[in-house]
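# Commentary on secondary and tertiary structure
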Amino acid sequence: MPEKLLNYVAGAWCGSSAVSYLDVHNPATAETVARVPLSTPAEVNQAATAAMNAFDAWRRTPAPARIQYLFKLKALLEAYFDDLCRTITQENGKIVEEAAGELRRAIENVEVACGIPTLMLGDFSEDVARGVDEYMIRQPVGVAAIIAPFNFPGMIPFWYLPYALACGNTVVVKPSERCPMTMQKVFQLLDEAGFPKGVVNLINGSAETVNALLDHPAIAAITFVGSTATARHVYARASASGKRVQAQGGAKNPLIILPDADLRLTTSIVIDSAFGNAGQRCLAASLAITVGEADRIFTPALAEAAAARVVGYGLDAGVHMGPVITAQSRTRITGLIQRGLDEGARPVVDGRGLVVSGHEAGNFVGPTILADVRPGSTLATTEVFGPVLGLMHVDSVEDAIALVNSGEYGNMACIFTGSGAAARKFRYEAQAGNIGINIGVAAPMAFFPFSGWRSSFFGTLHAQGQHAVEFFTQTKVVVERWLGEWARKF
Ligand code: NAD
């Protein structure tokens, strides 16, 4: 019988009273690996209350003392690194090297948050009037809820969790119901690191659980990462009750390839971007726009590199790409490929119908490239979130940038070229929050802010680094005068 996952509330593991559980499947084998409870609003209330009760003592714990827990957490994440990577692969499907990449970024965020005594410094201005000083201090906001998607079960909660805690907030984490096992293990490490009871809480569930978090009066801040439709809902519902919210949404990332781009490097980077994590990455290349002669040069090279990718179980050696998350997801992706063909695209590599020997029940879709994707068509505008790259062609850099900026999303846009002037024009004009120049996955390091523009993001302050510090703190300005011997001089 697969393990029933637990919640972690007020420093204790607890079985859920939920009547509904979902099966968690290994997407490569279809094996049921765990059962996840759809926790009730009453359980959300317990977690939020535990976090609220722990807040006062935690915020009074000096920042240099708070980060000692993060140093312990970092050591534990390193010690259990391989085990966590295997869990990510087993529940998400990505290859174990990709799991290692996401976990490394998670740890880097812990490392950056350990600088909080400096990152959280205030400002002081002496003599704003005679004998009057003014200063700004940063204080934690209270209880924060962190709501995560399935595609980076190890990394995405860490865009927020270390900063929220380091700043003196307490947290409730809600992982994706499709990939909840990694956080179950991370919380064993948070428990071992010895955080005081109630400072970190874990609650499993899906939409009803999320809505209870969005509505809970004890929760002051919400971070969300997921699809645009849910991000819109989360942003509207949580901000309506006065919470501070940041909600990261979906993407449809275009890359421009100019004829002067390096053939070998560009081909390999574009293919890695489109098919890494089986295309289930918010920074995956989704459309490649070739300019002029680039179409003739790059299309055959991209086709050859895509067809050469080995698809299989992410724990097996020599595999380049794993399955997609669910059978429903595979059906949706193959349906979008067909729709693209029906709307006039040309098949260059068709990954439908792929069967992986030994893993016949897995949700595999092979790398797929469709050329002549028409502007405005379904494939040009819809987030596929699978291993599908659409090719479009234009005659000039100006047309390519206009095509990039015609999209609804703005998570990432990239250019491949040997021309500094073209790259600068692109960097200046592209409407996206993350820009790659001869880079295919422009993922900011932990000390830079991460988020998209337009329908890829709802909010103001972003994930990671100084932005996360600002999100998880509220500023207080003090204007101060002391009466007495010195002040009387004025
Ligand atoms: P999702 O929107 O289905 O789920 C995300 C979270 O929202 C989960 O915890 C889920 O339980 C909850 N949820 C789902 N439906 C809900 C509803 N109706 N009401 C309230 N809560 C609900 O997203 P997903 O499929 O897990 O993740 C994939 C999506 O996330 C893609 O669109 C991808 O582009 C996006 N994503 C964006 C970024 C980014 O930085 N912008 C990063 C990773 C993933």
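I will try to describe carefully the structure that is included in this document. (Residues numbered from 1 in each chain as written. Predicted model: local features only at pLDDT ≥ 70, side-chain atom pairs only at ≥ 80, totals over all residues. Heavy atoms only, no water.)

## Some remarks on unusual backbone geometry
- For phenylalanine 385, which is not a glycine, the phi torsion comes out positive at approximately 55 degrees.
- Looking at the secondary structure, you find phenylalanine 385 in the loop between helix H13 (378-381) and strand E17 (388-394).
- Non-glycine residue arginine 454 carries a positive phi angle of around 50 degrees.
- Residue placement: arginine 454 occurs in strand E21 (residues 453-454). (Helix = DSSP H or I, 4+ residues; strand = E, 2+ residues; numbered from the N terminus.)

## Structural notes on the site of the ligand
- The environment of the ligand is made up of 29 residues, and the closest members are Ala148, Glu177, Arg178, Ser227 and Glu383.
- In this structure, glutamate 177 approaches the ligand through a side-chain N or O atom, which is 2.7 Å from an oxygen atom.
- The side chain of glutamate 383 places a nitrogen or oxygen atom 2.6 Å from an oxygen atom of the ligand.
- Going through the elements one at a time, helix H8 (207-215), strand E11 (219-225) and helix H9 (228-240) are the ones with two or more residues in the shell around the ligand.
- Among the elements that take part in the shell around the ligand, H8 stands out by supplying three residues, more than any other.
- In terms of residue class, the shell around the ligand is made up of 13 nonpolar, 12 polar and four charged. (Near = heavy atom within 4 Å. Polar contact = N/O pair within 3.5 Å; in protein donor to acceptor, adjacent residues only side chain to side chain. Nonpolar A, V, L, I, M, F, W, Y, C, P; charged D, E, K, R; others polar.)

## A few points about the environment of arginine 309
- Within the secondary structure, arginine 309 sits in the loop between helix H11 (294-307) and helix H12 (327-342).
- A residue is classified by how much of its surface remains accessible, and arginine 309, at 16% relative accessible area, is buried.
- A C-alpha to C-alpha distance of 5.9 Å links arginine 309 and histidine 320, two positions 11 residues apart in sequence.
- Apart from the residues within four sequence positions on either side, arginine 309 is in contact with Ile271, Asp272, Phe275, Gly276, His320 and Pro367. (Buried < 20%, exposed > 50% of the residue type's maximum accessible area, 1.4 Å probe, protein only. Contact = heavy atoms within 4.5 Å.)

## Thoughts on the pattern of salt bridges
- Following the criterion strictly, the structure yields 17 salt bridges and no others.
- One salt bridge connects lysine 94 with glutamate 102, and the closest N-O pair in it is separated by 2.7 Å.
- Its relative accessible area of 2% is what places glutamate 102 among the buried residues.
- Between glutamate 343 and arginine 339 there is a salt bridge, with its nearest N and O atoms 3.0 Å apart.
- What makes glutamate 343 partly exposed here is its relative accessible area of 23%. (Salt bridge = Lys/Arg side-chain N within 4 Å of Asp/Glu carboxyl O.)

## Here we look at the packing of aromatic side chains
- Under the defined criterion, the tally for this structure stands at 12 aromatic pairs.
- When the centroid spacing of 4.5 Å and the interplanar angle of 50 degrees are considered together, the rings of tryptophan 159 and phenylalanine 450 count as tilted. Pair noted here: tryptophan 159 is in the loop between strand E8 (143-147) and helix H6 (161-166) and phenylalanine 450 is in the loop between strand E20 (434-437) and E21, with a separation of 291 residues, a long-range link.
- Since its relative accessible area comes to 4%, phenylalanine 450 is described here as buried.
- Three or more aromatic residues joined by ring pairs form one cluster here, namely Tyr8, Trp13 and Phe187.
- Here the guanidinium or amino end of lysine 4 rests over the ring plane of tyrosine 21, the centre of that ring lying 4.6 Å away.
- If you follow lysine 72 out to its NZ or CZ, it ends over the ring of tyrosine 69, 5.2 Å from the centre. (Phe/Tyr/Trp six-rings, centres within 6.5 Å; stacked < 30°, edge-to-face > 60°. Lys NZ or Arg CZ within 6 Å of the ring centre and 35° of its normal.)

## Topic: the sheet that holds strand E13 (residues 253-257)
- With respect to topology, seven strands assemble into an open sheet ordered E15-E16-E17-E14-E13-E19-E20, the strand pairing being mixed. The outermost strands of the open sheet, each flanked by one partner alone, are strand E15 (346-349) and E20. Shown here is a sheet whose adjacent strand axes are inclined to one another by a mean of 20 degrees, direction ignored.
- In the sheet, E13 pairs with strand E19 (residues 412-416) via three bridges, with the strands oriented parallel. Bridged to isoleucine 256 within E19 is isoleucine 415.
- Against the sheet, H11 engages E13, strand E14 (285-291), E15, strand E16 (368-371) and E17, with an angle of about 55 degrees to E15.
- Contacts between helix H14 (residues 397-405) and the sheet are confined to E13, E14, E17 and E19, with E14 contributing the most and set at about 160 degrees to the helix. (Pairing = 2+ DSSP bridges. Axes fitted to C-alpha atoms, helices over the stretch in contact; angles between N-to-C directions.)

## Brief notes about helix H2 (residues 63-79)
- An ideal rise of 1.5 Å per residue puts 24 Å on 17 residues; H2 measures up with 25 Å between its terminal C-alpha atoms.
- For H2, the full list of buried residues reads Ala63, Arg66, Ile67, Tyr69, Leu70, Leu73, Leu76 and Leu77. Looking straight down H2, one finds its buried side chains confined to an arc of 160 degrees; they lie on one side.
- Lining the buried residues of H2 we find helix H1 (41-60), helix H3 (81-92), helix H4 (96-113), helix H5 (116-119), H6 and helix H7 (181-193). (Expected span 1.5 Å × (residues − 1). Arc of directions from axis to C-beta.)

## So, the packing of H2 against H4
- Interhelical geometry of H2 versus H4 gives an angle of 160 degrees and a closest axis separation of 9 Å. In terms of axis orientation, H2 runs roughly antiparallel to H4. Relative to H4, H2 is oriented so that their crossing is left-handed. Together, Ile67, Leu70, Leu73, Lys74, Leu77 and Glu78 of H2 and Arg104, Ile107, Val110, Glu111 and Ala113 of H4 make up the contact between the two elements.
- By residue class, the composition of the contact of H2 with H4 is seven nonpolar, no polar and four charged. (Parallel < 35°, antiparallel > 145°, perpendicular 65-115°, else oblique. Left-handed = near helix turned anticlockwise from the far one by under 90°.)

## Observations concerning the pairing of strand E12 (residues 244-248)
- Of all five residues in E12, four are buried, a share of seventy percent or more.
- Two strands pair when backbone bridges link them, and E11 and E12 are joined in this way by five bridges, in the parallel orientation. Among the inter-strand pairings, phenylalanine 224 is bridged to a residue of E12, identified as alanine 247.
- Traced from E11 through H9 to E12, the parallel crossover comes out right-handed.
- Across two bridges, E12 lies against strand E22 (residues 457-458) in antiparallel orientation. By the bridge assignment for E22, alanine 247 is matched with phenylalanine 458. (Right-handed = clockwise from strand over helix to strand, strands pointing away.)

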